[in-house]
Amino acid sequence: MNYIEEIKRLKKEKNAVILAHCYQNVEIDDVADYVGDSLYLSQMAAKTNADIIIFAGVYFMAQTAKILNPTKKVILPNLTAGCAMADMINLQQLREFKSKYPDIPTVCYINSTAEVKSECDICCTSSNAIKIVESLKAEKVLFLPDKNLGRWVEKQLGNVEVITYDGYCPIHNKLEPSAIKETKLKHPNALVLAHPECTEEFSKLADYVGSTTGIMNFVKNSTEKQFIIATEKGVLDRLKRDYPNKDFYDINDKPSICQSMKLNTILDIYNALKNETPEIKVEEKIAQKALKCIEKMLEVSK
Ligand code: 13P
Ligand code: SF4
């Protein structure tokens, strides 16, 4: 069977939409309606008129789409696709963190569970984190779970104290500043483009720091020809496909792979559409509270 053609047919028949994160296996783009970063995909999820949303991404992304669309079917093709960073904080840990710093607004990265979002003031993604923290007009904010993104926002703003939770993305956090230097020795003319989930020491050495879409837009608008890409391999794969006349390098020639992001396959997507499972469900009370946190973010990001 030609799964790609069959997915396209089923999408029409069932009025379904496929949202794909740019860390997904690159062949998924052949069936996706929208491909992008977490912010773009949550904006598309908020707007869609489809009856079924197939989310080719990880659990928290599909959960966010479900919270925004409580009456629609939201399906994560491989239910085991989680996010190690989102799993670093649960509700109890959030409450303990907040109790140490009372009366300070709490910003949660979209890479968090619905329960965690339900007790935070506002959500953010890597592409709007600066704007979101700024919008609070506070001297101090609590930021979770990603300490690296929080620290990066603090540095960019300069006038807000960002108190971070001790979470991180294992894939980005392990990138060593020394590896940038070594890669630069091999490719001295290449610009380093990094995701803000990298450590402060690492980001300091980058020429540009931004979300996955931010990195792809930087390449699109740049006249430069060589780039070192410090984020998950999906971005590098898409850049290589879209700009065959430019050169892209991994840090130290080792691809950074988020195994979770790679779990969804074309076959999973076909099965998900055909069987309309596995569906994401969020307890109503939690979903209503988490929705406020997400909607505030979408309002600021308009
Ligand atoms: P983006 O906000 O760039 O989509 O990143 C999401 C993510 O999980 C990065 O590891
Ligand atoms: Fe989570 Fe890191 Fe994978 Fe992004 S790359 S989904 S933050 S584990």
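Before any of the text, the structure's been laid out above.
Criteria and thresholds
- Residues numbered from 1 in each chain as written.
- Chains lettered and ligands numbered in written order.
- Predicted model: local features only at pLDDT ≥ 70, side-chain atom pairs only at ≥ 80, totals over all residues.
- Heavy atoms only, no water.
- Core = buried A, V, L, I, M, F, W, Y, C linked by side-chain atoms within 4.5 Å.
- Buried < 20%, exposed > 50% of the residue type's maximum accessible area, 1.4 Å probe, protein only.
- Helix = DSSP H or I, 4+ residues; strand = E, 2+ residues; numbered from the N terminus.
- Contact = heavy atoms within 4.5 Å.
- Polar contact = N/O pair within 3.5 Å; in protein donor to acceptor, adjacent residues only side chain to side chain.
- Pairing = 2+ DSSP bridges.
- Axes fitted to C-alpha atoms, helices over the stretch in contact; angles between N-to-C directions.
- Parallel < 35°, antiparallel > 145°, perpendicular 65-115°, else oblique.
- Nonpolar A, V, L, I, M, F, W, Y, C, P; charged D, E, K, R; others polar.

(A) Spatial organisation of the nonpolar core. In this structure, L144 and I229 are the most contacted members of the largest nonpolar core, which totals 92 residues. The element contributing the most residues to this core is helix α14 (residues 284–300), with 7 residues. Non-local contacts of L144, meaning those with residues more than four positions away in its chain, are made with I89, L94, F97, T106, V107, C108, Y109, V116, C120 and Y165. Core analysis: the second largest hydrophobic core is formed by 17 residues, L10, A20, I266 and A272 among them.

(B) Region of interest: the environment of D166. For D166, the position within the fold is in the loop between β8 (161–164) and α8 (170–173). Relative accessible area serves as the criterion here: at 54%, D166 is assigned to the exposed category. Spatially, the C-alpha atoms of D166 and M88 are 8.4 Å apart, while their sequence positions differ by 78 residues. Here the side chain of D166 touches K147 through a polar contact of 3.1 Å, side chain to side chain.

(C) Quick look at the sheet that holds strand β3 (residues 52–56). The parallel open sheet is built from 4 strands, whose spatial order is β2-β1-β3-β4. The sheet is open, and its two borders are formed by β2 (34–36) and β4 (73–75), each paired with just one other strand. Averaged over all pairs of adjacent strands, the angle between their axes in this sheet comes to 20°, without regard to strand direction.

(D) Region of interest: the packing of helix α3 (residues 59–68) against α14. For the pair α3 and α14, the least separation of the axes is 9 Å and the interaxial angle reads 95°. Classified by the angle their axes make, α3 and α14 are roughly perpendicular. Contacts between α3 and α14 involve T64, I67 and L68 from the first element and A287, A290, L291, I294 and L298 from the second. Taken together, the residues of the contact of α3 with α14 sort by class into 7 nonpolar, 1 polar and no charged.

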